[in-house]
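Letter by letter, the chains look like this.
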Amino acid sequence: VGAYQDVEREVRVKYCQEQGVEIGRRLSGGGVVYVDKHTVGWEFIMVRKDSSNNYNNQLVLKVGKGVAAGIRKLGINAVYDESGIITIDGRLLCHIHVMETPTHILCEGYIPMELDIRSLLRNLRIPTEKLNNKTTEAFKSRLASLRGTRGTLLVQTIQEALTEGISKELDICFGPCTAAKALNHITPSQTNIENSVCSQVGGTMQLRSRLRGQDRELTVTLILDELGATIKSASINGDFYVDPSFTIANLEKNLVGLTAKYECVDPMIEICLNAAHITGLTVENFRVTIRNALEKGKLILVGADLHEVSDMYCVGGLMPDELPQLLQSKSFACLLPYCAKQPKCKFRYIDGCGCCGRCDVGEAYKLAEQHGLHPITIQNYEMLEAALHEMKVAGYSLFIGTCCEEFIDKHYQDFIRIGMPGLLIGIDNSTCYELGHELEAHRGIFENQTKLKLDLLYRLIKFAH
Ligand code: SF4
Ligand code: SF4
(Lines give C-alpha, C1' and ligand atoms only; values in the text may rest on other atoms or scores of the structure.)
(Ligands and ions follow the chains in the order given, each with its own letter.)
Protein backbone atom coordinates (compact mmCIF):
# COMPACT_ATOMS: atom_id res chain seq x y z
CA VAL A 1 0.00 0.00 0.00
CA GLY A 2 1.35 3.46 -0.92
CA ALA A 3 2.75 5.70 1.82
CA TYR A 4 -0.38 7.87 2.10
CA GLN A 5 -3.09 5.35 1.33
CA ASP A 6 -5.78 4.14 3.68
CA VAL A 7 -5.28 0.38 4.04
CA GLU A 8 -8.96 -0.39 4.64
CA ARG A 9 -9.96 1.48 1.53
CA GLU A 10 -7.40 -0.13 -0.75
CA VAL A 11 -7.30 -3.72 0.46
CA ARG A 12 -9.92 -6.28 1.43
CA VAL A 13 -8.16 -6.79 4.74
CA LYS A 14 -10.30 -9.64 6.04
CA TYR A 15 -10.02 -11.58 2.80
CA CYS A 16 -6.23 -11.06 2.74
CA GLN A 17 -5.97 -12.34 6.31
CA GLU A 18 -8.02 -15.42 5.48
CA GLN A 19 -5.84 -16.12 2.43
CA GLY A 20 -2.56 -15.44 4.26
CA VAL A 21 -1.77 -12.48 1.99
CA GLU A 22 0.50 -10.06 3.84
CA ILE A 23 -0.12 -6.32 3.70
CA GLY A 24 2.79 -3.88 3.79
CA ARG A 25 3.05 -0.12 3.60
CA ARG A 26 5.63 1.26 1.18
CA LEU A 27 7.73 4.28 2.03
CA SER A 28 6.96 5.63 -1.43
CA GLY A 29 3.74 7.34 -2.50
CA GLY A 30 1.44 6.23 -5.31
CA GLY A 31 -1.17 3.49 -5.51
CA VAL A 32 -1.57 -0.01 -4.15
CA VAL A 33 0.33 -2.86 -5.85
CA TYR A 34 -0.53 -6.55 -5.74
CA VAL A 35 2.69 -8.55 -5.46
CA ASP A 36 2.80 -12.33 -5.76
CA LYS A 37 5.37 -14.97 -6.65
CA HIS A 38 5.11 -13.93 -10.29
CA THR A 39 6.29 -10.38 -9.58
CA VAL A 40 9.80 -9.00 -9.91
CA GLY A 41 10.30 -6.16 -7.45
CA TRP A 42 13.22 -3.79 -7.46
CA GLU A 43 14.20 -0.98 -5.13
CA PHE A 44 17.25 1.19 -4.68
CA ILE A 45 18.33 4.07 -2.51
CA MET A 46 20.61 6.90 -3.53
CA VAL A 47 22.42 9.55 -1.58
CA ARG A 48 21.21 12.95 -2.70
CA LYS A 49 23.72 15.66 -3.50
CA ASP A 50 21.38 18.18 -5.06
CA SER A 51 18.22 19.19 -3.19
CA SER A 52 16.60 21.18 -6.01
CA ASN A 53 12.92 20.43 -6.57
CA ASN A 54 13.42 19.16 -10.10
CA TYR A 55 15.78 16.45 -9.06
CA ASN A 56 13.02 14.01 -8.25
CA ASN A 57 11.47 14.36 -11.70
CA GLN A 58 14.80 13.98 -13.46
CA LEU A 59 15.58 10.89 -11.48
CA VAL A 60 12.21 9.24 -12.13
CA LEU A 61 12.64 10.00 -15.80
CA LYS A 62 16.06 8.35 -15.90
CA VAL A 63 15.00 5.33 -13.87
CA GLY A 64 11.87 4.93 -15.97
CA LYS A 65 13.89 5.02 -19.15
CA GLY A 66 16.40 2.58 -17.66
CA VAL A 67 13.71 0.07 -16.66
CA ALA A 68 12.05 0.37 -20.08
CA ALA A 69 15.45 -0.10 -21.81
CA GLY A 70 16.09 -3.19 -19.65
CA ILE A 71 12.73 -4.69 -20.64
CA ARG A 72 13.39 -3.95 -24.31
CA LYS A 73 16.52 -6.10 -23.98
CA LEU A 74 14.11 -8.99 -23.40
CA GLY A 75 12.60 -8.34 -26.83
CA ILE A 76 9.53 -6.56 -25.41
CA ASN A 77 8.57 -3.14 -26.68
CA ALA A 78 8.31 -1.29 -23.35
CA VAL A 79 7.89 2.48 -23.29
CA TYR A 80 8.36 4.89 -20.41
CA ASP A 81 5.75 7.60 -20.30
CA GLU A 82 6.64 10.72 -18.41
CA SER A 83 3.87 10.34 -15.84
CA GLY A 84 5.93 7.61 -14.17
CA ILE A 85 4.38 4.65 -15.97
CA ILE A 86 5.89 1.91 -18.13
CA THR A 87 3.62 0.47 -20.80
CA ILE A 88 3.71 -2.31 -23.37
CA ASP A 89 1.56 -1.66 -26.45
CA GLY A 90 -0.40 0.96 -24.50
CA ARG A 91 -1.08 -1.40 -21.57
CA LEU A 92 0.17 -0.65 -18.07
CA LEU A 93 3.14 -2.74 -16.93
CA CYS A 94 4.30 -0.86 -13.82
CA HIS A 95 4.71 2.45 -12.01
CA ILE A 96 7.96 3.95 -10.80
CA HIS A 97 7.43 4.78 -7.11
CA VAL A 98 9.60 7.37 -5.41
CA MET A 99 10.14 8.90 -2.01
CA GLU A 100 12.67 11.52 -0.98
CA THR A 101 14.19 12.81 2.19
CA PRO A 102 16.45 15.85 2.20
CA THR A 103 19.42 13.47 1.94
CA HIS A 104 18.24 10.34 0.12
CA ILE A 105 16.02 9.18 -2.71
CA LEU A 106 14.33 5.80 -2.83
CA CYS A 107 13.01 4.40 -6.12
CA GLU A 108 11.07 1.18 -6.55
CA GLY A 109 8.83 -0.74 -8.89
CA TYR A 110 6.98 -4.06 -9.19
CA ILE A 111 6.85 -5.76 -12.56
CA PRO A 112 4.39 -8.60 -13.12
CA MET A 113 5.87 -11.58 -14.96
CA GLU A 114 2.35 -13.07 -15.02
CA LEU A 115 -0.99 -11.57 -14.04
CA ASP A 116 -3.39 -13.23 -11.65
CA ILE A 117 -6.30 -10.84 -12.17
CA ARG A 118 -8.72 -12.98 -10.19
CA SER A 119 -6.57 -12.81 -7.04
CA LEU A 120 -5.76 -9.16 -7.63
CA LEU A 121 -9.45 -8.20 -7.76
CA ARG A 122 -10.29 -10.33 -4.74
CA ASN A 123 -7.51 -8.96 -2.54
CA LEU A 124 -7.62 -5.31 -3.55
CA ARG A 125 -10.49 -2.91 -3.55
CA ILE A 126 -9.99 -1.75 -7.09
CA PRO A 127 -11.43 1.75 -7.27
CA THR A 128 -14.31 0.91 -9.53
CA GLU A 129 -15.02 4.59 -10.19
CA LYS A 130 -11.81 4.55 -12.19
CA LEU A 131 -13.08 1.72 -14.34
CA ASN A 132 -15.56 4.17 -15.76
CA ASN A 133 -18.37 1.71 -16.33
CA LYS A 134 -16.10 -0.70 -18.16
CA THR A 135 -16.15 -4.37 -17.40
CA THR A 136 -13.55 -6.38 -15.54
CA GLU A 137 -12.50 -7.70 -18.94
CA ALA A 138 -11.74 -4.17 -20.03
CA PHE A 139 -9.75 -3.67 -16.83
CA LYS A 140 -7.79 -6.81 -17.59
CA SER A 141 -7.05 -5.72 -21.13
CA ARG A 142 -5.43 -2.53 -19.81
CA LEU A 143 -2.71 -4.44 -17.91
CA ALA A 144 0.43 -6.07 -19.32
CA SER A 145 2.86 -8.68 -18.01
CA LEU A 146 6.27 -9.82 -19.24
CA ARG A 147 5.46 -13.48 -19.81
CA GLY A 148 2.04 -12.55 -21.18
CA THR A 149 3.90 -10.64 -23.87
CA ARG A 150 6.93 -12.83 -24.56
CA GLY A 151 6.27 -16.27 -23.11
CA THR A 152 8.65 -18.00 -20.72
CA LEU A 153 11.34 -15.77 -19.26
CA LEU A 154 13.59 -16.73 -16.37
CA VAL A 155 13.56 -14.48 -13.30
CA GLN A 156 17.31 -14.20 -13.47
CA THR A 157 17.19 -13.06 -17.10
CA ILE A 158 14.70 -10.35 -16.15
CA GLN A 159 16.79 -9.24 -13.17
CA GLU A 160 19.91 -8.98 -15.29
CA ALA A 161 18.15 -7.01 -18.01
CA LEU A 162 16.68 -4.54 -15.49
CA THR A 163 19.99 -4.08 -13.71
CA GLU A 164 21.75 -3.42 -16.99
CA GLY A 165 19.09 -0.98 -18.22
CA ILE A 166 19.09 1.05 -14.98
CA SER A 167 22.89 0.97 -14.60
CA LYS A 168 23.45 2.27 -18.12
CA GLU A 169 20.86 5.03 -17.91
CA LEU A 170 22.10 6.29 -14.54
CA ASP A 171 25.74 5.52 -15.28
CA ILE A 172 26.18 3.67 -11.99
CA CYS A 173 27.17 0.25 -10.71
CA PHE A 174 25.02 -1.37 -8.06
CA GLY A 175 26.71 -2.19 -4.76
CA PRO A 176 25.52 -3.19 -1.27
CA CYS A 177 22.80 -0.97 0.21
CA THR A 178 24.27 1.38 2.80
CA ALA A 179 21.63 4.10 3.07
CA ALA A 180 18.75 2.19 4.66
CA LYS A 181 19.63 3.45 8.13
CA ALA A 182 19.36 7.04 6.99
CA LEU A 183 15.71 6.43 6.07
CA ASN A 184 14.73 4.96 9.41
CA HIS A 185 13.54 8.23 10.86
CA ILE A 186 11.03 8.71 8.06
CA THR A 187 7.64 7.30 8.93
CA PRO A 188 5.39 8.61 6.17
CA SER A 189 1.86 8.39 7.39
CA GLN A 190 2.32 5.37 9.59
CA THR A 191 -0.18 7.51 11.47
CA ASN A 192 -2.76 6.84 8.79
CA ILE A 193 -3.28 3.38 10.18
CA GLU A 194 -3.38 4.55 13.77
CA ASN A 195 -5.78 7.34 12.92
CA SER A 196 -8.21 5.08 11.15
CA VAL A 197 -8.31 2.89 14.25
CA CYS A 198 -8.74 5.93 16.47
CA SER A 199 -11.59 7.14 14.24
CA GLN A 200 -13.72 4.30 15.54
CA VAL A 201 -13.74 5.79 19.05
CA GLY A 202 -17.24 6.95 20.00
CA GLY A 203 -18.18 10.29 21.57
CA THR A 204 -16.13 12.30 19.09
CA MET A 205 -17.05 13.67 15.72
CA GLN A 206 -15.38 12.08 12.72
CA LEU A 207 -15.49 14.21 9.60
CA ARG A 208 -14.45 12.49 6.42
CA SER A 209 -14.36 13.92 2.97
CA ARG A 210 -13.12 12.46 -0.27
CA LEU A 211 -12.03 14.31 -3.35
CA ARG A 212 -14.15 12.87 -6.11
CA GLY A 213 -14.01 13.03 -9.85
CA GLN A 214 -10.18 13.17 -10.14
CA ASP A 215 -7.73 10.56 -11.38
CA ARG A 216 -5.87 10.62 -8.07
CA GLU A 217 -7.41 9.83 -4.71
CA LEU A 218 -7.48 12.02 -1.65
CA THR A 219 -9.40 11.34 1.56
CA VAL A 220 -9.23 13.56 4.64
CA THR A 221 -10.44 12.34 8.03
CA LEU A 222 -10.59 14.78 10.92
CA ILE A 223 -11.57 13.79 14.42
CA LEU A 224 -12.86 16.60 16.63
CA ASP A 225 -13.15 16.76 20.40
CA GLU A 226 -16.45 16.04 22.19
CA LEU A 227 -17.61 19.62 21.65
CA GLY A 228 -16.82 19.51 17.95
CA ALA A 229 -14.63 22.59 18.42
CA THR A 230 -11.01 21.43 18.10
CA ILE A 231 -9.22 18.99 15.80
CA LYS A 232 -7.97 16.01 17.82
CA SER A 233 -6.44 14.08 14.98
CA ALA A 234 -6.08 14.31 11.23
CA SER A 235 -5.44 11.66 8.63
CA ILE A 236 -4.74 12.41 4.97
CA ASN A 237 -4.71 9.49 2.55
CA GLY A 238 -4.34 9.08 -1.17
CA ASP A 239 -2.27 7.74 -4.03
CA PHE A 240 -0.34 10.94 -4.76
CA TYR A 241 3.41 11.59 -4.47
CA VAL A 242 4.77 14.41 -2.40
CA ASP A 243 8.23 15.80 -1.96
CA PRO A 244 9.49 16.15 0.72
CA SER A 245 7.75 13.01 1.80
CA PHE A 246 7.29 14.10 5.44
CA THR A 247 4.99 16.94 4.22
CA ILE A 248 1.76 15.05 4.85
CA ALA A 249 2.79 13.77 8.27
CA ASN A 250 3.75 17.35 9.09
CA LEU A 251 0.39 18.73 7.96
CA GLU A 252 -1.48 16.03 9.89
CA LYS A 253 0.49 16.89 13.02
CA ASN A 254 -0.01 20.64 12.65
CA LEU A 255 -3.76 20.41 12.12
CA VAL A 256 -4.11 18.85 15.57
CA GLY A 257 -5.12 21.41 18.19
CA LEU A 258 -6.49 23.93 15.68
CA THR A 259 -10.04 25.27 15.97
CA ALA A 260 -12.24 23.30 13.59
CA LYS A 261 -13.01 26.26 11.38
CA TYR A 262 -11.79 26.71 7.88
CA GLU A 263 -10.40 30.22 8.59
CA CYS A 264 -8.16 28.69 11.28
CA VAL A 265 -7.07 25.71 9.24
CA ASP A 266 -6.44 27.36 5.88
CA PRO A 267 -3.23 29.24 6.86
CA MET A 268 -1.73 25.99 8.15
CA ILE A 269 -2.49 24.23 4.85
CA GLU A 270 -0.69 27.09 3.13
CA ILE A 271 2.35 26.86 5.44
CA CYS A 272 2.69 23.08 5.17
CA LEU A 273 1.94 22.56 1.49
CA ASN A 274 2.99 25.59 -0.45
CA ALA A 275 6.67 24.76 -0.63
CA ALA A 276 6.03 21.07 -1.30
CA HIS A 277 6.02 19.47 -4.69
CA ILE A 278 2.88 17.35 -5.10
CA THR A 279 2.45 15.08 -8.10
CA GLY A 280 -1.08 14.22 -9.13
CA LEU A 281 -2.95 16.73 -6.97
CA THR A 282 -2.86 20.47 -6.30
CA VAL A 283 -2.75 22.38 -3.02
CA GLU A 284 -6.27 23.54 -3.88
CA ASN A 285 -7.42 19.90 -4.00
CA PHE A 286 -6.20 19.49 -0.40
CA ARG A 287 -7.76 22.77 0.64
CA VAL A 288 -11.19 21.89 -0.80
CA THR A 289 -11.18 18.37 0.66
CA ILE A 290 -10.24 19.62 4.14
CA ARG A 291 -12.86 22.37 3.91
CA ASN A 292 -15.52 19.86 2.84
CA ALA A 293 -14.62 17.65 5.81
CA LEU A 294 -15.06 20.59 8.19
CA GLU A 295 -18.34 21.54 6.51
CA LYS A 296 -19.70 18.08 7.29
CA GLY A 297 -19.77 19.06 10.96
CA LYS A 298 -22.81 21.20 10.15
CA LEU A 299 -24.86 18.08 9.48
CA ILE A 300 -25.51 17.69 13.21
CA LEU A 301 -27.83 20.69 12.84
CA VAL A 302 -30.38 18.45 11.14
CA GLY A 303 -30.39 15.79 13.83
CA ALA A 304 -27.43 13.55 12.93
CA ASP A 305 -25.33 12.19 15.78
CA LEU A 306 -21.61 12.99 16.07
CA HIS A 307 -20.59 9.56 14.79
CA GLU A 308 -23.02 9.60 11.87
CA VAL A 309 -21.91 12.65 9.90
CA SER A 310 -19.10 10.97 8.04
CA ASP A 311 -21.62 8.52 6.60
CA MET A 312 -23.71 11.32 5.08
CA TYR A 313 -22.86 12.70 1.65
CA CYS A 314 -23.96 15.90 -0.04
CA VAL A 315 -24.32 15.47 -3.81
CA GLY A 316 -25.60 17.46 -6.77
CA GLY A 317 -24.21 20.75 -5.44
CA LEU A 318 -25.82 20.59 -1.96
CA MET A 319 -23.88 22.46 0.77
CA PRO A 320 -24.36 21.23 4.38
CA ASP A 321 -25.41 24.66 5.65
CA GLU A 322 -28.29 24.78 3.11
CA LEU A 323 -29.71 21.52 4.38
CA PRO A 324 -31.84 22.75 7.34
CA GLN A 325 -33.71 25.22 5.15
CA LEU A 326 -34.16 22.78 2.26
CA LEU A 327 -35.47 20.08 4.61
CA GLN A 328 -37.93 22.47 6.15
CA SER A 329 -39.24 23.47 2.74
CA LYS A 330 -40.74 19.92 2.80
CA SER A 331 -40.31 19.71 -0.93
CA PHE A 332 -38.32 16.51 -1.22
CA ALA A 333 -38.53 12.86 -2.15
CA CYS A 334 -37.03 9.76 -0.60
CA LEU A 335 -35.00 7.33 -2.72
CA LEU A 336 -34.27 3.82 -1.46
CA PRO A 337 -32.01 1.15 -3.01
CA TYR A 338 -33.52 -2.13 -4.18
CA CYS A 339 -30.59 -4.00 -2.59
CA ALA A 340 -32.17 -3.39 0.85
CA LYS A 341 -35.26 -5.38 -0.15
CA GLN A 342 -35.51 -9.08 0.67
CA PRO A 343 -33.96 -11.06 -2.21
CA LYS A 344 -37.10 -13.24 -2.49
CA CYS A 345 -39.61 -10.40 -2.25
CA LYS A 346 -41.80 -9.94 -5.33
CA PHE A 347 -40.97 -6.21 -5.17
CA ARG A 348 -37.21 -6.85 -5.27
CA TYR A 349 -36.87 -5.98 -8.95
CA ILE A 350 -39.75 -3.54 -9.32
CA ASP A 351 -40.58 -0.22 -7.68
CA GLY A 352 -42.94 -0.38 -4.70
CA CYS A 353 -43.29 -2.29 -1.45
CA GLY A 354 -46.12 -4.21 0.23
CA CYS A 355 -44.88 -3.04 3.69
CA CYS A 356 -44.97 -6.62 5.01
CA GLY A 357 -42.40 -5.72 7.67
CA ARG A 358 -39.78 -8.25 6.58
CA CYS A 359 -37.15 -5.70 5.57
CA ASP A 360 -36.02 -2.12 6.19
CA VAL A 361 -37.58 -0.84 2.98
CA GLY A 362 -41.06 -1.45 4.39
CA GLU A 363 -40.26 0.69 7.44
CA ALA A 364 -38.78 3.43 5.25
CA TYR A 365 -41.88 3.41 3.02
CA LYS A 366 -44.20 3.76 6.00
CA LEU A 367 -42.08 6.56 7.45
CA ALA A 368 -42.00 8.48 4.18
CA GLU A 369 -45.71 8.05 3.48
CA GLN A 370 -46.69 9.06 7.03
CA HIS A 371 -44.89 12.36 6.43
CA GLY A 372 -46.31 12.98 2.98
CA LEU A 373 -43.13 12.10 1.11
CA HIS A 374 -42.91 10.12 -2.07
CA PRO A 375 -40.75 6.97 -1.60
CA ILE A 376 -39.17 5.44 -4.70
CA THR A 377 -37.04 2.30 -4.86
CA ILE A 378 -34.23 2.71 -7.32
CA GLN A 379 -33.72 -0.44 -9.37
CA ASN A 380 -30.75 0.61 -11.52
CA TYR A 381 -28.71 3.63 -12.49
CA GLU A 382 -30.92 4.59 -15.46
CA MET A 383 -33.93 4.72 -13.16
CA LEU A 384 -32.05 6.93 -10.72
CA GLU A 385 -31.13 9.36 -13.46
CA ALA A 386 -34.72 9.48 -14.73
CA ALA A 387 -36.07 10.00 -11.18
CA LEU A 388 -33.67 12.89 -10.52
CA HIS A 389 -34.62 14.59 -13.79
CA GLU A 390 -38.32 14.20 -12.97
CA MET A 391 -37.80 15.73 -9.51
CA LYS A 392 -36.01 18.66 -11.05
CA VAL A 393 -38.83 19.26 -13.51
CA ALA A 394 -41.42 18.88 -10.73
CA GLY A 395 -39.66 21.60 -8.71
CA TYR A 396 -38.39 19.52 -5.78
CA SER A 397 -35.66 21.34 -3.89
CA LEU A 398 -33.95 18.26 -2.42
CA PHE A 399 -33.90 14.50 -2.35
CA ILE A 400 -32.91 12.26 0.52
CA GLY A 401 -31.56 8.91 -0.48
CA THR A 402 -29.66 5.99 0.82
CA CYS A 403 -26.95 4.01 -0.99
CA CYS A 404 -23.37 2.79 -0.61
CA GLU A 405 -20.39 5.15 -0.76
CA GLU A 406 -18.90 3.29 -3.72
CA PHE A 407 -21.99 4.13 -5.74
CA ILE A 408 -21.52 7.80 -4.86
CA ASP A 409 -17.86 7.64 -5.90
CA LYS A 410 -18.79 6.15 -9.20
CA HIS A 411 -21.63 8.54 -9.99
CA TYR A 412 -20.48 11.71 -8.26
CA GLN A 413 -20.01 13.54 -11.56
CA ASP A 414 -23.41 12.31 -12.75
CA PHE A 415 -25.05 13.89 -9.69
CA ILE A 416 -23.31 17.17 -10.47
CA ARG A 417 -24.29 16.97 -14.15
CA ILE A 418 -27.96 16.34 -13.28
CA GLY A 419 -27.86 19.14 -10.70
CA MET A 420 -30.50 17.87 -8.29
CA PRO A 421 -29.25 18.56 -4.72
CA GLY A 422 -29.39 15.53 -2.49
CA LEU A 423 -28.32 14.09 0.83
CA LEU A 424 -27.29 10.45 0.70
CA ILE A 425 -26.95 8.21 3.75
CA GLY A 426 -24.61 5.20 3.63
CA ILE A 427 -25.89 1.63 4.03
CA ASP A 428 -24.76 -1.25 6.23
CA ASN A 429 -23.72 -4.80 5.25
CA SER A 430 -21.55 -5.93 2.37
CA THR A 431 -22.31 -3.94 -0.72
CA CYS A 432 -22.17 -5.17 -4.27
CA TYR A 433 -18.80 -3.44 -4.62
CA GLU A 434 -17.47 -5.29 -1.60
CA LEU A 435 -18.62 -8.53 -3.13
CA GLY A 436 -17.45 -7.60 -6.60
CA HIS A 437 -20.94 -7.59 -8.12
CA GLU A 438 -21.18 -3.94 -9.17
CA LEU A 439 -22.03 -4.77 -12.77
CA GLU A 440 -25.00 -6.85 -11.63
CA ALA A 441 -26.03 -3.99 -9.37
CA HIS A 442 -25.76 -1.51 -12.21
CA ARG A 443 -28.21 -3.67 -14.17
CA GLY A 444 -30.37 -4.18 -11.07
CA ILE A 445 -29.83 -7.92 -10.52
CA PHE A 446 -27.62 -7.88 -7.39
CA GLU A 447 -28.80 -10.50 -4.88
CA ASN A 448 -27.38 -9.52 -1.49
CA GLN A 449 -29.46 -7.65 1.09
CA THR A 450 -28.16 -4.42 2.63
CA LYS A 451 -29.49 -2.59 5.69
CA LEU A 452 -30.72 1.00 5.87
CA LYS A 453 -29.85 3.45 8.65
CA LEU A 454 -33.53 3.81 9.53
CA ASP A 455 -32.95 5.68 12.75
CA LEU A 456 -31.03 8.47 11.01
CA LEU A 457 -33.56 8.61 8.19
CA TYR A 458 -36.30 8.94 10.81
CA ARG A 459 -34.53 11.87 12.53
CA LEU A 460 -34.00 13.69 9.22
CA ILE A 461 -37.63 13.34 8.24
CA LYS A 462 -38.71 14.42 11.75
CA PHE A 463 -36.48 17.48 11.46
CA ALA A 464 -38.31 18.45 8.30
CA HIS A 465 -41.69 18.21 10.00
S1 SF4 B 1 -41.16 -4.77 3.42
FE2 SF4 B 1 -41.63 -4.40 1.26
S3 SF4 B 1 -39.72 -4.76 0.17
FE4 SF4 B 1 -39.48 -5.63 2.21
S5 SF4 B 1 -40.03 -7.78 1.95
FE6 SF4 B 1 -41.89 -6.71 2.57
S7 SF4 B 1 -42.89 -6.12 0.67
FE8 SF4 B 1 -40.79 -6.68 0.17
S1 SF4 C 1 -24.36 0.06 -5.75
FE2 SF4 C 1 -24.94 -1.97 -5.00
S3 SF4 C 1 -24.76 -1.95 -2.78
FE4 SF4 C 1 -24.61 0.17 -3.54
S5 SF4 C 1 -26.70 0.92 -3.31
FE6 SF4 C 1 -26.53 0.16 -5.40
S7 SF4 C 1 -27.16 -2.01 -5.35
FE8 SF4 C 1 -26.82 -1.32 -3.24
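The following paragraphs examine the structure supplied in this document. Bear in mind the structure is a predicted one, so any value in this text is a computation, not a measurement.

## Focus: helix α15 (residues 405–418)
Along its 14 residues, α15 runs 18 Å from first to last C-alpha, staying within 8% of the 20 Å computed at 1.5 Å per residue. Of all the bends in α15, the greatest measures close to 60° and is centred on His 411. Residues of α15 that are buried include every one of Glu 405, Phe 407, Ile 408, Asp 409, Lys 410, His 411, Asp 414, Phe 415 and Ile 418, and no others. Following α15 by one or two positions, Gly 419 adopts a phi angle in the positive range, close to 75°.

## Re the pairing of strand β2 (residues 78–81)
Of the two faces of β2, only the one carrying Ala 78 and Tyr 80 is buried; Val 79 and Asp 81 on the other face are not. Here β2 runs beside strand β3 (residues 85–88); their pairing, made up of 4 bridges, is antiparallel. Bridge assignment links Val 79 to a residue of β3, and that residue is Thr 87. Between β2 and the antiparallel strand that follows it, β3, lie 3 residues; Gly 84 among them carries a positive phi value of about 90°.

## A look at the pattern of salt bridges
Taken as a whole, this structure holds 21 salt bridges when the rule is applied. Among the salt bridges present, the one from Lys 73 reaches Glu 164, with a minimum N-O distance of 3.4 Å. With Lys 73 in the loop between α3 (54–72) and β2 and Glu 164 in helix α7 (residues 155–170), this pair connects stretches of sequence that are 91 residues apart. Judged by relative accessible area, Lys 73 falls into the partly exposed class, the value being 43%. One salt bridge in this structure joins Lys 451 and Asp 360, with 3.5 Å as the shortest N-O distance. Of the two residues, Lys 451 sits in the loop between α16 (438–443) and α17 (454–464) while Asp 360 sits in helix α13 (residues 360–370), which places them 91 residues apart along the sequence. Exposure remark for Asp 360: the relative accessible area of 13% places this residue in the buried category. Here the residues in one salt-bridge network are Arg 208, Arg 210, Glu 405 and Asp 409, joined through shared partners.

## A word on unusual backbone geometry
With the exception of glycine, most residues fall at negative phi, and the peptide bonds are largely trans. Of note, the amide linkage connecting Asp 243 to Pro 244 takes the cis form, showing an omega dihedral of 0°. Here Asp 171, not a glycine, exhibits a phi torsion of approximately 55°, which is positive. By the element assignment, Asp 171 lies in the loop between α7 and α8 (191–198). Judged by relative accessible area, Asp 171 falls into the exposed class, the value being 69%.

## Quick look at the sheet that holds strand β5 (residues 97–100)
If you trace the 3 strands from one edge of the open sheet to the other, you get β1-β6-β5, paired in antiparallel fashion. This sheet does not close on itself; its edge strands, each paired only once, are β1 (39–47) and β5. With direction set aside, neighbouring strand axes in the sheet form an average angle of 10°. Where β1 lies against strand β6 (residues 104–112), 9 bridges are found, and the strand directions are antiparallel. Residue Gly 41 lies in a different strand from β6, and its bridge partner there is Tyr 110. Strand contacts of α7: β1 and β6, with the helix running at about 30° to β1, the strand carrying the most contacts.

## Quick notes on the packing of α13 against α17
Two packed helices can be described by the angle between their axes and the distance between those axes. α17 packs onto α13 with a crossing angle of 5° between their chain directions and a minimal axis gap of 11 Å. Between α13 and α17, the angle is such that the two are roughly parallel. Contacts between α13 and α17 involve Asp 360, Glu 363, Ala 364 and Leu 367 from the former and Leu 454, Leu 457, Tyr 458 and Ile 461 from the latter. The class makeup of the residues in the contact of α13 with α17 is 6 nonpolar, no polar and 2 charged.

Calculation rules
- Residues numbered from 1 in each chain as written.
- Chains lettered and ligands numbered in written order.
- Predicted model: local features only at pLDDT ≥ 70, side-chain atom pairs only at ≥ 80, totals over all residues.
- Heavy atoms only, no water.
- Helix = DSSP H or I, 4+ residues; strand = E, 2+ residues; numbered from the N terminus.
- Expected span 1.5 Å × (residues − 1).
- Bend = angle between axes of the 7 residues up to and from the residue.
- Buried < 20%, exposed > 50% of the residue type's maximum accessible area, 1.4 Å probe, protein only.
- Pairing = 2+ DSSP bridges.
- Salt bridge = Lys/Arg side-chain N within 4 Å of Asp/Glu carboxyl O.
- Axes fitted to C-alpha atoms, helices over the stretch in contact; angles between N-to-C directions.
- Contact = heavy atoms within 4.5 Å.
- Parallel < 35°, antiparallel > 145°, perpendicular 65-115°, else oblique.
- Nonpolar A, V, L, I, M, F, W, Y, C, P; charged D, E, K, R; others polar.

Structural measurements only, silent on function.
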